[in-house]
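Listed below, chain by chain, are the residues.
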Amino acid sequence: MSKKAILYSNTPPSRAQEKRFVDFLSKKYGESYSIVWKQTELPEGSFKLVVDSEVYDWSDEGRLLQFKERLSKLQFKDDNIIPLLKDAIEKWVPDIKAYEEGRVLTVGDGIATVSGLDNVCYGEIVVFSSGVRGMAQDLRPDEIGCVLFGDDSDIIEGSIVRRTGRVAGIGVSDEYLGRVVDALGRPIDGKGEIICDEYLPIENPAPGIIERQSVDTPLETGILAIDSMFPIGRGQRELIIGDRQTGKTAIALDTIINQRGKDVICVYVAIGQKASSVVQLVQNLKTHGAMEYTVVVSASASDPAPLQYIAPYAGCALGEYFMNKGRDVLIVYDDLSKHAIAYRSLSLLLERAPGREAYPGDVFYLHSRLLERSAHLNAERGGGSMTALPIVETQAGDVSAYIPTNIISITDGQIFLESDLFFAGQRPAVNVGLSVSRVGGDAQTKAMKKAAGAIRLDLAQYREMEVFTQFASDLDEATKRQLTYGQGLMQMLKQDQYKPYKQYEMVIILVVVLNHILQDIPEKDVKKVLRELLDHFEESYFEITERLENDGLLSDEDREEIIKVAKKFVEER
């Protein structure tokens, strides 16, 4: 029994034309077909041939669509657009090419259920008749679930949906530097269009083990508490975790500002934040000269959940573009808690089975496939790196919740920010006991490693003694000195926002404080004395600061000289 194909045209086909259609279909599909003609308003000589879910469109609209597809594959620059356009027009010949067409079954809440797209793949972009784009996210035997990247008010049941044959991706080029874009790569800063060099899928396999090399180069944050105790290396994934309003974004922002002049490209991905917060952040980056090497990808709280879902993957694709060119990249995901919530919303609307805390079963894979793309590539792959700083918000300091534990297990360490420390005036509020870097000293310069010494042990002893002695009324002199020294350490770790330290400044501070040179300075004056001492070194001992900054080495002679100069400075003030 022959299958049926429907021919839409203004006039019925002749017998010769019908035979050509039947022969074409038999050769194409290997089955016998009969033609059913249906009259429709099309220009003379135009037709549409529908075979199951595939459509061969020989109307003016169909040929125009083919031509647009050809143009979209050309890379236009200002100096070559005219010759390329002429060449494209002269050489273009319409092809016998089918596109797959389906219809909307249901739509609502940013989700559309579609039937008829039998060959669509997971993550493929589909286009609705209203012009809105969507992404195939749930594949079932007879229908697919699509998430929508725009307003669903113009999409109605029965409207047409077409496959594009392309997975979700983003255009990439160096022109993105200094720009603010949405999750689809479209500029939202009012500075005009961005000309792209190529198109990269937002979902990409992570580099394999053979393609990677060890993390051995420091990515300096300029924050003393982090660089001295929890160093971050280029290619590492270091989680920033803490309650709301404890300074998580401030740490990421200071790290971006500290990359000025260090040839590091920065990508900041804002997920589910207020648009006003993103505007303020961009302004702060501009004020400190950091926007020229930074790309901001924003999916604000007012954007649909699908855009919040793909935003970190789009930012990661941009980072990979620069990493694959041999550049060093820093990418901040702010924050993955809201990203998981957006994905949970989509999954529940797509009727996927909920698990713990109503998250779907693949929520771990959601973040692991994103964070594993950060790496330090080997020389054969260009030697580039991408360092990830994911941010996660906790509730009442609970790091054992579902999403925090997932991401802690994926990353190479975490910086835990504590509310009690923050409200006590310790900024940044880094909890030394719960924070860790699993790369450790491999990502520190020799000068920093030597200067930091046993600072973590000293701080742990101070915290333990502080708790123990708060109930005691009478303390011996040794205990008092130990407490004074610990208070000086805490004052040393206090740092104002937007004021990252240079490498040599951190080394000098550590050497001075850990050698008890400021032991007798009142606690409230420690920060002021340290600032004056650093200015003194910069003015009068330029050769030491230059060696520390450029060589990354702290010789015994330089260490003794720093101690000597600091003691003299403290005595004379």
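Data block above holds the structure.
Residues numbered from 1 in each chain as written. Predicted model: local features only at pLDDT ≥ 70, side-chain atom pairs only at ≥ 80, totals over all residues. Heavy atoms only, no water.

Draft legend 1. Highlighting unusual backbone geometry. The residue after Asp 334, namely Asp 335, is reached through a cis peptide bond having omega -5°. You can see Asp 335 is positioned in the loop between β17 (328–334) and α8 (336–349). Of note, the bond from Arg 427 into Pro 428 is cis; its omega dihedral lies within 30 degrees of zero at 0°. You can see Pro 428 is positioned in the loop between α11 (419–423) and β20 (436–437). One non-glycine residue, His 516, lies in the positive phi region at around 60°. In this structure, His 516 sits in the loop between α15 (503–514) and α16 (526–540). Residue classification places His 516 among the partly exposed positions, given a relative accessible area of 39%. (Helix = DSSP H or I, 4+ residues; strand = E, 2+ residues; numbered from the N terminus. Buried < 20%, exposed > 50% of the residue type's maximum accessible area, 1.4 Å probe, protein only.)

Draft legend 2. Focus on the nonpolar core. Residues Met 492 and Leu 518 are the most contacted members of the largest nonpolar core, which totals 80 residues. With 10 residues, the top contributor of residues to this core is α15. Once residues lying within four places of it in the same chain are set aside, the contact partners of Met 492 are Leu 224, Ile 455, Ile 509, Leu 510, Val 513 and Leu 530. Of all hydrophobic cores here, the second largest spans 59 residues; its members include Phe 149, Ala 183, Leu 377 and Met 386. (Core = buried A, V, L, I, M, F, W, Y, C linked by side-chain atoms within 4.5 Å. Contact = heavy atoms within 4.5 Å.)

Draft legend 3. Spotlight on the packing of aromatic side chains. Taken as a whole, this structure holds 6 aromatic pairs when the rule is applied. Summarising the aromatic geometry, the rings of Tyr 309 and Tyr 343 are spaced 5.3 Å apart at their centres and angled 25° between planes, so their arrangement reads as stacked. Of the two residues, Tyr 309 is situated in helix α7 (residues 305–323) and Tyr 343 in helix α8; the sequence distance between them amounts to 34 residues. We note that Tyr 309, like Tyr 343, is buried. Relative to Tyr 402, the ring of Tyr 359 has its centre 5.9 Å away and its plane inclined at 55°; by these criteria the two rings are tilted. Placement of the pair is Tyr 359 in the loop between α8 and α9 (363–371) and Tyr 402 in helix α10 (residues 402–410), with a sequence separation of 43 residues. The pair Tyr 359 / Tyr 402 is uniform in exposure class, with both members buried. In textbook terms, an aromatic cluster arises when at least three aromatic residues are bridged by ring pairs, as seen for Tyr 309, Tyr 313 and Tyr 343. Seen from the ring of Tyr 199, Arg 166 lies directly overhead, with NZ or CZ sitting 4.1 Å from the centre. A cation over an aromatic ring shows up here: Arg 427 above the ring of Phe 422, its NZ or CZ 3.8 Å from the ring centre. (Phe/Tyr/Trp six-rings, centres within 6.5 Å; stacked < 30°, edge-to-face > 60°. Lys NZ or Arg CZ within 6 Å of the ring centre and 35° of its normal.)

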